[in-house]
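# Inside the fold
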Amino acid sequence: MTPTTKHIARCLFCLACLLSLTTACSDEELVKESTVGKETWVDFHFGSQCFQPVEITTRATLGVLPESRVNNLFAIIFANGKRIYARYFDNSNRYDDEAELTRRQNTYEGWYVANQSSEGGTATHGTAHIKCPTATNAKIYLIANIDADMVNIAPELLNTITTEQELLDLKATLNQETTSRNGYFPMSGSATIDITSAGITVATGQLPILLERLDAKIEVKVRVATAFETTSTEEGVTTTQTLKEFRPESWRIVNIPKTTKVIADATDAPTEYFNTPTMPFETKGEETFTVSNGTSSQDVTSAVNGFSFYMMENRPTAKTAPVSYHQRDLRTKNADGSYTVTGPMWVYAPEEGTYLEIKGEVVMVVDVSSEAKTQQLSADVTYYVHLGDFAQDIADFKVRRNTNYIYTITIKGVNSIQVEVEPSPYGETFQEPESGATGSVYVAKESIFTFDAHYGQRVFCFDAANIDPNTVTWYVKTPFGREGTPIKQGDVEIPSGLDYKWVHFMVNEVSSTLD
């Protein structure tokens, strides 16, 4: 899996006066008292940038154009913690362009916005013309794309806020448990400003105001290191496993927060969490990449399946800092070696951390030096992958707002996934050899066949030398019953819960000739 973290494109709001633009520098760290005077006309300019990715190398998320749109804007200014100005800007006071806004200057409050119209084109930008009291050391907050169906924020709610602390305490909660968005991406930003009749000045480094989306964007693609070999030798017997294919089945996201603070803060808001239902993969393509087994490398062309989603920020800390990627997804076990099903699930990862659950079937060819025939290995696997920017910090389990995480997961075997991290200051390639993988493994010394919903027939050839009457059994997996083998009670097999009655076996007649 390849993580790179790109900080999602930020919308920037430049504060400027109508006639000139200046910036004010201050070396003082202490909080200053604000002074408030008579009203004056000023402008603030705003714009939008693209998502800045944290690439960690997709449910169909939206593209850069809807993600960068500013559909409406609420501006609120505080002095000494008390509100001195508030205004909602929407279609009712929106002008077609900046020229029209300039013609109405010092007469009407209003705004215009030119949203980005093509990928790689001019970023979203615009201007708002307001009449507000003059003030020093005031604080302006901008909140964009409110009154959305997705969250519980509306201009009527913002209009009831009279103190800065009320705004800082304000939380946005999803109206429904979903990881998709409707094109309204709530954003927020702030700056400390002075307002005079000459315009607005801000402290160095705070111009323009950067609007950050409350959401993070997660993109995942899963590819297969086909023909990748792993070799082991035990008691003189060498076993070589060659990866044949990975058949993706489903994905699920666990621990998605429902609530976040409207204004960015160092701590997360108290929240409830929800999990997505299992979903099919959304995209499929093909990719050529290089795979290494530690001693050699080869180019592989593989199917790539993907999905993507949005979520609010979730920034828990590790229980204990892992020292390797292998430990990130290490699960707690009982004394008998089985995974715990009650109590804490993870050894290092925070219990409230967001993680992926990816299911599929791995098929491998197994060649054992002591046996004449190769075998086919089939495994129904589940891979667990905790989110975070572990390209920068192996103990990072945080999903930050306004950040685009791109994960590329390379399947290398039943219990092995490769995690490639770009950009990585150390150039690591992380190998996950079991902690994040679980499932049932079946090795067939003959053949494994998969049937779809139509009628089908196959001829199975059995070697009597490979059959032990005491252990021979059968296995079935369908969507309509439990997966597995029959329960044995003594010499009796009980197929309770198995969907098997559509399968019929017939014995071919024995022939004395080869034709």
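Below is a short write-up of the structure. Keep in mind it's a predicted model, so treat the numbers as computed, not measured.

## Points about the overall build of the chain
- A tally of helices and strands in the chain yields five helices and 29 strands.
- In the chain, buried positions account for 46% of the 515 residues.
- Carbon together with sulfur atoms contributes 50% to the accessible area of the chain, which is approximately 25700 Å² in total.

## Thoughts on the packing of aromatic side chains
- On inspection of all chains with the given rule, the structure shows 14 aromatic pairs.
- Ring centres of Trp 251 and Phe 309 lie 6.3 Å apart, and the angle between their planes is 20°; on these two criteria the pair is classed as stacked. In this pair, Trp 251 is assigned in strand 16 (residues 237–254) and Phe 309 in strand 21 (residues 297–312), connecting sequence segments 58 residues apart. No difference in accessibility class separates Trp 251 from Phe 309, as the two residues are buried.
- Among the aromatic residues, those joined into a ring-pair cluster are Trp 251, Phe 281, Phe 307 and Phe 309.
- Its end group placed over the ring of Trp 111, Arg 94 keeps NZ or CZ at 5.7 Å from the ring centre.

## Some points on empty space enclosed by the protein
- For the largest cavity, the calculated volume is near 40 Å³.
- Lining the largest cavity are Met 150, Val 151, Leu 174, Arg 181, Pro 186, Leu 214, Asp 215 and Met 312.

## Some remarks on the pattern of salt bridges
- As enumerated under the stated definition, the model contains 18 salt bridges in all.
- With a closest N to O distance of 2.6 Å, Asp 265 and Lys 261 form a salt bridge.
- Given a relative accessible area of 36%, Asp 265 falls into the partly exposed group.
- Among the salt bridges present, the one from Arg 315 reaches Asp 268, with a minimum N-O distance of 2.6 Å. With Arg 315 in the loop between strand 21 and helix 5 (325–328) and Asp 268 in the loop between strand 18 (259–261) and strand 19 (273–274), this pair connects stretches of sequence that are 47 residues apart.
- We classify Asp 268 as partly exposed; its relative accessible area is 27%.
- Several salt bridges share partner residues, and in doing so they unite Asp 268, Glu 313, Arg 315 and Arg 401 into one network.

## Re the environment of Tyr 141
- As for its position among the elements, Tyr 141 is in strand 9 (residues 125–144).
- If we skip the residues at most four places from it in the chain, Tyr 141 touches Phe 74, Ala 75, Ile 76, Phe 78, Glu 164, Leu 167, Leu 168, Gly 189, Ser 190 and Ile 263.
- Polar side-chain contacts of Tyr 141 include one of 2.5 Å to the side chain of Glu 164.

Procedures and definitions
Residues numbered from 1 in each chain as written. Predicted model: local features only at pLDDT ≥ 70, side-chain atom pairs only at ≥ 80, totals over all residues. Heavy atoms only, no water. Helix = DSSP H or I, 4+ residues; strand = E, 2+ residues; numbered from the N terminus. Buried < 20%, exposed > 50% of the residue type's maximum accessible area, 1.4 Å probe, protein only. Areas by Shrake-Rupley, 256 points an atom, 1.4 Å probe, with all protein chains shown as cover. Phe/Tyr/Trp six-rings, centres within 6.5 Å; stacked < 30°, edge-to-face > 60°. Lys NZ or Arg CZ within 6 Å of the ring centre and 35° of its normal. 1 Å grid on protein atoms, 1.4 Å probe; cavity = no way out; pocket = protein on both sides within 12 Å on 5 of 7 lines; lining within 4 Å. Points joined across faces, edges and corners; volume = space filled by probe spheres on them. Salt bridge = Lys/Arg side-chain N within 4 Å of Asp/Glu carboxyl O. Contact = heavy atoms within 4.5 Å. Polar contact = N/O pair within 3.5 Å; in protein donor to acceptor, adjacent residues only side chain to side chain.

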